[in-house]
Amino acid sequence: MSTQAPHLTAAQERSLRDIFPGDSLLLAPEQTLIFATDAGRRMGTPLAVVRPTTEAQVVELLRLAQAEHLPVYARGRASNQVGACVPARPGIVVSLLHMNRILDIADDDFVAEVEPGVVTSDLQRAVEARGLFYPPDPASIDISTIGGNVATCAGGMRALKYGVTREYVLGLTAVLPGGRVLRTGGRCHKNVVGLDLTRLFVGSEGTLGIVTRIALKLLPLPQATATLLAGFSSMEAAMHGVRRIFRAGILPVALEFLSPEVLDCVARRQPPPWPDSVRGALLIRLDGSRESLPLEIRRMHDALHTTGAAPGNEPPVWSAHGVGHDEEEPLWAMRRGISPSSYLVRPNKIGEDIAVPRGRLLDALTGIRAIAQAHDLPILTYGHVGDGNIHVNIMFDGADQAEVTRADAATVEVMRLVRSMDGTLSGEHGVGMAKKEFLHLQLSPLETELMRQVKHAFDPLGIMNPDKAY
Ligand SMILES: Cc1cc2nc3c(=O)[nH]c(=O)nc-3n(C[C@H](O)[C@H](O)[C@H](O)COP(=O)(O)OP(=O)(O)OC[C@H]3O[C@@H](n4cnc5c(N)ncnc54)[C@H](O)[C@@H]3O)c2cc1C
C-alpha cells in the first residue's frame, strides 16, 4: 500500500496555474489547511484551493476537473455545521468569496442579482437602503453567503411568515462538470415553463454544479416591527400559547421557543429579566405598517391571554416587549446568546435541527426530555417552533468516553423519535457528512435512487462534492 500523501500531478498544477494566476491558487499546506474544515469541525484534504473572480475561470476549472476526474468542493463562508463543504476525498476547494458583487438591484422588478460570494447581511443592508426587503435571515447572516444559503436552502427566524431561501430564488447560473453553463429561471416572480431546475439547485449542497449568479425576489420593506417575550409556567403552557396564536389567525414573523433548560442556561451567563416561575418562553416578532402594528400587538396580547379550560392552557406569567430595532435588540441578543451559553453546560455538543409536524411539537419536546433523562445528559431544545423546527443540542464532555457513547446513543434515539412522528432529520442545516448515516430513516430506496440519477445527469463522473448529502 502506498504511504504517499495524495497530491496533484505536475501537469494538473500547471493547468491550475494557467487558470488561476498569483494568489488565486493556493497549494501550500499551511495556506490550504483552513479550507479543510467548516463549522461542523470535520476535516478533509484540499489538494488545492482556487479563488475565481469570473465565471470563465469556473468554466475552465470544471473542464479540467472533469477531464482529470478531480473532486470539486464549492465553498462560501464555511458556516454550515454538517461538513457540507469539507473535501471528504482529496480534491479542489473552490472558494467563491471573491465573486462577491451585487450586480443589480432593480426597484421596479423587485429583483436583486448577485454573485454567490455576497455575504447575506450585506445584501440585506443594500436592499433595505432602497426600501426593499430580502427576508431569509439565518442566524449566520453575517458569516454566510448567498451562494451557501442557496445551496443549503437556508432558513431563519423570519421563515414562519416569509419562507426560506427557496421562495426567493427566481433564477440562477450554474457551471456544470465539463464546463457546461446552465442558466435557469429568470427575473419573473412566476414561471411554470418546464421542470423547475432552479429549485433543484436550492438545497443541493454543491453536488450538481457551482452557482455563479443568482436572481433573488425582493419584497417591500415592512415599516415597523415589534417583539414580545412571553414567559410561561411550563413547556406545555408555552405550546398551548403557540396554538392560541395560530387559532387567533395571527401569523407572526418569528415564533421562537425556549425550553426551561435553555432559560436556565442563558441565566448562567447573565442575570435574566424573568422570574423563577418562568419555565418556558416564546419570543415573538410582528411586523406591519405604522398604523397596523399596534393593532397586531393588541391581537397577540388577547390571543395569549384568552385561555381555555384544558389543563396547562394558561396565560403567560411574565412578559416583556420592545417596539422598533433599539428596543427589540436586547430580546434578540438573548436569543443569539443561547448557543454560546450552551457551552457552560458541557464543553461539547451534537447539534441537530429536526422538524416535526406542528401538531406534534409537544410530543417531540416531551420525548426528547425523556431521552435526556434516560441517558443522563443535558439536552437543550429551542428554536423555530412556529415552523415545527427545533434545535436539539445534546451536550456532553468529549473527554468523558461514557458521555460520548451516551450522546451518540441519544442522537440515534432523537432521530428515530422524529421519524416516528413523520418529522424530518433536518429543517435547515442539511445533510452534508453529518446526517448521511441516518438518511435511510427518512429516504426510501426509490427516492435515493432517483436523486442519484438526477445527480448523474448533471455530474456523470460524480466529481461534485462526492460522498455527501444523498
Ligand atoms: C452560528 C451559526 C448559526 C446558523 N444559523 C442558521 C440558521 O438560522 N438557518 C440556517 O439555515 N442555517 C444556519 N446556519 C448554517 C449555515 O450558516 C448555513 O447553512 C449557510 O447557508 C451556509 O452558508 P455558507 O456561505 O457558509 O456556505 P458553506 O458552509 O461554505 O457551504 C455550504 C454548502 O453550500 C455549497 N456551496 C456554497 N457555495 C456554493 C456555490 N456557489 N455553488 C454551489 N454550491 C455552493 C457548499 O459546497 C456546501 O455544500 C448557521 C451556522 C452557524 C455557524
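Computed from a prediction, not measured in an experiment: that's the story for all the values here. (Residues numbered from 1 in each chain as written. Predicted model: local features only at pLDDT ≥ 70, side-chain atom pairs only at ≥ 80, totals over all residues.)

A look at the sheet that holds strand β5 (residues 102-106)
One open sheet holds the five strands; their spatial order is β5-β6-β10-β8-β9, and the pairing between them is antiparallel. Taken across any chain shown, the strands that pair with only one partner, and hence form the sheet edges, are β5 and β9 (181-185). Across this sheet, the average inter-strand angle for adjacent strands is 10°, counted without regard to direction. Bridging between β5 and strand β6 (residues 111-114) involves four bridges; their strand directions are antiparallel. Within the sheet, the bridge partner assigned to A106 lies in β6 and is V111. Packing against the sheet, helix α3 (residues 55-68) makes contact with β8 (169-175), β9 and β10 (210-217), and its axis sits at approximately 50° to β8. Helix α4 (residues 120-128) rests against β5 and β6 of the sheet, and its axis sits at about 35° to β5. (Pairing = 2+ DSSP bridges. Helix = DSSP H or I, 4+ residues; strand = E, 2+ residues; numbered from the N terminus. Axes fitted to C-alpha atoms, helices over the stretch in contact; angles between N-to-C directions. Contact = placed C-beta atoms within 7 Å.)

A few points about the pairing of strand β2 (residues 46-50)
In terms of burial, β2 is a largely internal element, five of the five residues being buried. Taken together, the two bridges between strand β1 (residues 25-26) and β2 define a ladder with antiparallel strand orientation. From the neighbouring strand, L25 faces β2, where its bridge partner is V50. When β2 meets strand β4 (residues 91-95), the two strands line up parallel, connected through four bridges. Directly across from P46, in β4, lies its bridge partner G91. (Buried ≥ 20, exposed ≤ 12 C-beta atoms within 10 Å, placed from the backbone.)

Here's the deal with the domain arrangement of the chain
Domains assigned within the chain are domain 1 (102-220), domain 2 (224-339) and domain 3 (345-420). Placing a centre on the C-alpha atoms of domain 1 and another on those of domain 3 gives a separation of 31 Å. (Domains from an automatic or database assignment.)

Some words on the site of the ligand
Surveying the vicinity of the ligand reveals 35 residues, the closest of which are G76, G147, G148, A151 and G206. Counting only elements with at least two residues in the shell around the ligand, the list comes to β3 (72-75), α5 (146-152) and β10. The element that contributes the greatest number of residues to the shell around the ligand is α5, accounting for five residues. A breakdown of the residues in the shell around the ligand according to their chemical character gives 14 nonpolar, 16 polar and five charged. (Near = placed C-beta within 6 Å. Nonpolar A, V, L, I, M, F, W, Y, C, P; charged D, E, K, R; others polar.)

Some details on the sheet that holds strand β18 (residues 389-396)
The pairing of strands in a sheet happens through backbone hydrogen bonds and is either parallel or antiparallel. Here seven strands make up an open sheet; going across it, the order is β15-β12-β14-β13-β17-β18-β16 and the pairing antiparallel. The open sheet terminates on both sides in strands that have one partner only, identified here as β15 (318-323) and β16 (348-355). With strand direction ignored, the average angle separating the axes of adjacent strands in the sheet is 15°. Note that strand β13 (residues 254-258) and strand β17 (residues 379-383) share two bridges and pair antiparallel. Note that in β17 the partner of F257 across the bridge is G383. Lying over the sheet, helix α8 (residues 235-247) contacts β12 (224-231), β13 and β14 (281-288), oriented at roughly 20° with respect to β14.

Digging into the packing of α8 against helix α10 (residues 292-305)
For the pair α8 and α10, the least separation of the axes is 8 Å and the interaxial angle reads 130°. Relative to α10, α8 is oriented oblique. For the element pair α8 and α10, the recorded crossing hand is right-handed. From α8, G241, R244 and I245 reach across to α10, where they touch M300, A303 and L304. Partitioned by chemical class, the residues of the contact of α8 with α10 number four nonpolar, one polar and one charged. (Parallel < 35°, antiparallel > 145°, perpendicular 65-115°, else oblique. Left-handed = near helix turned anticlockwise from the far one by under 90°.)

What to know about the environment of G386
Note that G386 resides in the loop between β17 and β18. On a C-alpha basis, the gap between G386 and H301 in space is 17 Å, while along the polypeptide they are 85 residues apart. With near-sequence residues (within four places) excluded, G386 lies in contact with L160, P252, A254 and L255.

Digging into helix α14 (residues 401-420)
Relative to the 28 Å expected for 20 residues at 1.5 Å per residue, α14 spans 29 Å between its end C-alpha atoms, a close match to the ideal helical length. If you check which residues of α14 are buried, you get A407, A410, T411, V414, M415, L417 and V418. The arc that holds the buried residues of α14, viewed along the axis, is 160°, so those residues lie on one side. Those residues of α14 that are exposed and aimed more than 90 degrees away from the buried face are Q401, A402 and T405. Where α14 is buried, its residues contact β16, α13 (361-375), β17 and β18. Phi turns positive, to about 65°, at D422, one or two residues after α14. (Expected span 1.5 Å × (residues − 1). Arc of directions from axis to C-beta.)

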